[in-house]
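Structural description and commentary
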Amino acid sequence: MSGNSILFQKALLSSDIELLKTIPKSDLHNHAPLGSRLINFSKAIGKNIMPPPEFMTDIAEMNSYIINNLRAEIVNHYGFKTSLELAFRQAKEDGVQKLEMSVDCQFITLFDDKEIGLINLLKEIHLKEAPDIVYNPEIGLSRNLEISDAESWIFPCIESGYFKSIDLYGEELIKDAKLYRDIFKKAKNSKLKLKSHAGEFGTAESVRYTVETLELDEVQHGIAAAVSKEVMRWLRDNNIRLNVCPTSNIRLGRVEKIEKHPARILADNGVVITINSDDIMIFNQSVSDEYLNLFHSKLFSINDLEILRQNGFQ
Ligand SMILES: [Zn+2]
């Protein structure tokens, strides 16, 4: 067993969050402007921001919280830059060594020189705040955007050669995945890793449908697959990893409590999963917090959690 494995287990057994933060972890499902704690963002911009409700029913309710409480503070140069700085700082402080953090393509509209401005800012902040983190820039797009807007913003980002992966998110059930085929084809031709949210609110079949339609490499969430042996077998056989975020699923009403999280069933059926943060500004749980929660819930043994930690580096 490696030194980090031993320390990881020691940190979990003694609930030592400070030690846990020093162990290398990955965060492969993280949406950048929301990648830091709300309290830190509030302090940095000098404004009190009302915290989100403890439980929300869906992405629409979460989006309306964001629109009413966060959007004005984030969608401007200063707020956006500050939120990115804090997100890198948060990842560094939490011992995240591999970070696939997405930035929505819509943010290029904040810059006169569009995607060039966004890319230069990301490069500058990564270098300044956390140069030791292996940061794989991810470009994101929301299903809530008009497809024509989404295409006009994301195509130049894909063509830039800077982004290493793409992720589709937003309200899962409002638009068919096939509407995004052109975007994902272009991303595939440009050698980006292909990811999409699926099976967070949809069904097991929708996970498989989204993977096949967009030729995905990985799925964000994908937890609905746990009700179908057939879909789980298919995910396992096709080596499709699911980047799971337990607290997000609970706060958005998809899972009753952590003890019942389907991550256990997925792992038991040979599906490769990783543990991630999603939106720390909304859910207030770092990757280290998530591991500790899973350990306390007894959903996974200490050895299982070490396997999940290592999955993130494969
Ligand atoms: Zn997400």
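Anyway, here's the lowdown on the structure attached to this text.

Observations concerning the layout of surface pockets
Counted as a void, the largest pocket has a volume near 830 Å³. Lining the largest pocket we find 34 residues, and of these N63, I66, D104, S142 and Y169 sit closest to its centre. Elements with a contribution of two residues or more to the lining of the largest pocket: α4 (59-69), α5 (71-74) and β2 (96-104). Considering every element that reaches the lining of the largest pocket, the biggest residue donor is α4, with six residues. Per-class residue counts for the lining of the largest pocket are 17 nonpolar, eleven polar and six charged. Roughly 160 Å³ of volume is contained in the second largest pocket. Lining the second largest pocket are 13 residues, and of these K92, V96, Q97, D132 and I133 sit closest to its centre. Secondary-structure elements contributing two or more residues to the lining of the second largest pocket are α2 (17-22) and β2. Of the residues belonging to the lining of the second largest pocket, the class tally is six nonpolar, three polar and four charged.

A word on the coordination of the zinc ion
Note on the zinc ion: its protein donors are H29 (NE2), H31 (NE2), H197 (NE2) and D278 (OD). The metal-donor distances range over 2.1 to 2.3 Å. Note that the zinc ion binds four donor atoms; their angles at the metal cover 82 to 172°, and the shape is irregular.

Observations concerning the side chain of D27
Relative to the helices and strands, D27 is located in strand β1 (residues 25-31). As a buried residue without a salt bridge, D27 has its nearest oppositely charged side chain in K195, at a separation of 8.5 Å. Engagement of the side chain of D27 in a polar contact is seen with the side chain of S277, the distance being 2.6 Å. If we skip the residues at most four places from it in the chain, D27 touches V96, K98, L99, E100, N276, S277 and V287.

Here we look at the nonpolar core
Nonpolar side chains in soluble globular proteins tend to be buried together. Grouped together as the largest cluster of nonpolar side chains are 102 residues, with contacts concentrated most on L70, L118, L141, I166 and F184. Once you skip the residues sitting within four places of it in the chain, F184 turns out to touch L141, I166, L168, L194, K195, L214 and L216.

Observations concerning the environment of Q314
Structurally, Q314 can be placed in the segment after α16 (302-311). The exposed category is assigned to Q314, whose relative accessible area is 66%. Linking Q314 and K298, residues 16 residues apart in sequence, is a C-alpha distance of 25 Å. Apart from residues no more than four positions distant in its own chain, Q314 is found in contact with K98 and R241.

What to know about the pairing of strand β7 (residues 218-221)
Pairing of strand β6 (residues 193-198) with β7 involves four bridges; the strand directions are parallel. Each residue of the ladder has a partner; that of H197, found in β7, is Q220. Handedness of the crossover joining β6 and β7 through helix α10 (residues 204-214): right-handed. The sheet contact formed by β7 and strand β8 (residues 241-244) spans three bridges and is parallel. Of the residues in β8, the one forming a bridge with Q220 is N243.

Side note on unusual backbone geometry
We note that S15 has phi near 50°; this positive angle belongs to a residue other than glycine. The topology assignment puts S15 in the loop between α1 (3-13) and α2.

A few points about empty space enclosed by the protein
Picture a little ball the size of a water molecule; that probe, rolled over the atoms, points out where space is still empty. Considering all chains together, one arrives at one cavity of 30 Å³ or more under this definition. Reported here for the largest cavity is a volume of approximately 50 Å³. Along its surface, the largest cavity is lined by D27, N30, G35, A87, Q90, A91, D94, V96, I280, S286 and V287. Secondary-structure elements contributing two or more residues to the lining of the largest cavity are β1 and α6 (77-93). The element that contributes the greatest number of residues to the lining of the largest cavity is α6, accounting for three residues. Class assignment for the residues of the lining of the largest cavity results in five nonpolar, four polar and two charged.

Rules and cut-offs
Counting restarts for each chain: residues are numbered from 1 in the order of the written sequence. Restriction of local features to residues with pLDDT of at least 70 applies here, the model being predicted, together with a cutoff of 80 or more for giving and counting side-chain atom pairs; totals for whole chains, interfaces and linings are based on all residues. Working from all heavy atoms in the structure, the side-chain values ignore hydrogens and water. Only protein atoms enter the 1 Å grid used here, on which a cavity is any set of points holding a 1.4 Å probe that cannot leave and a pocket is any open set flanked by protein within 12 Å on both sides along at least five of seven lines; residues with an atom within 4 Å of a point are listed as lining. Grid points are joined across faces, edges and corners, and a volume is the space filled by probe spheres set on the points. We count a stretch as a helix when DSSP gives it H or I for four or more residues in a row; a strand needs E for two or more, and each element gets its number in order from the N terminus. Gly is put with the polar residues, along with every residue not named as nonpolar or charged; the nonpolar set is Ala, Val, Leu, Ile, Met, Phe, Trp, Tyr, Cys and Pro, and the charged set is Asp, Glu, Lys and Arg. Metal donors were taken as nitrogen, oxygen and sulfur atoms no farther than 2.8 Å from the ion, or 3.2 Å where the ion is Na, K or Ca. Water is excluded, so coordination may look unfinished. Angular criteria define each label, namely tetrahedral for four donors with all angles between 85 and 135 degrees, square planar for four and octahedral for six donors with opposite donors over 155 degrees apart and remaining angles between 65 and 115, and irregular for whatever fails these tests. With a 1.4 Å probe rolled over the protein chains alone, any residue whose accessible area is under 20% of its type maximum counts as buried; one over 50% counts as exposed, and the rest are partly exposed. For the purpose of counting charges, residues Lys and Arg are taken to be positive, whereas Asp and Glu are taken to be negative. His and the chain ends are not included. We define a salt bridge as a side-chain nitrogen of Lys or Arg found within 4 Å of a carboxyl oxygen belonging to Asp or Glu. Under this definition, polar contacts are N or O atom pairs within 3.5 Å; protein pairs additionally need one hydrogen-donor-capable and one acceptor-capable atom, and for neighbouring residues in sequence, both atoms have to be side-chain atoms. Two residues qualify as a contact provided that any one of their heavy atoms is within 4.5 Å of a heavy atom in the partner residue. Residues belong to a common nonpolar core when they are buried Ala, Val, Leu, Ile, Met, Phe, Trp, Tyr or Cys residues joined through side-chain atoms within 4.5 Å. Strands are labelled as partners when DSSP assigns at least two bridges between them. Handedness is read with the strands pointing away from the viewer; a crossover is right-handed when the path from the first strand over the helix to the second is clockwise.

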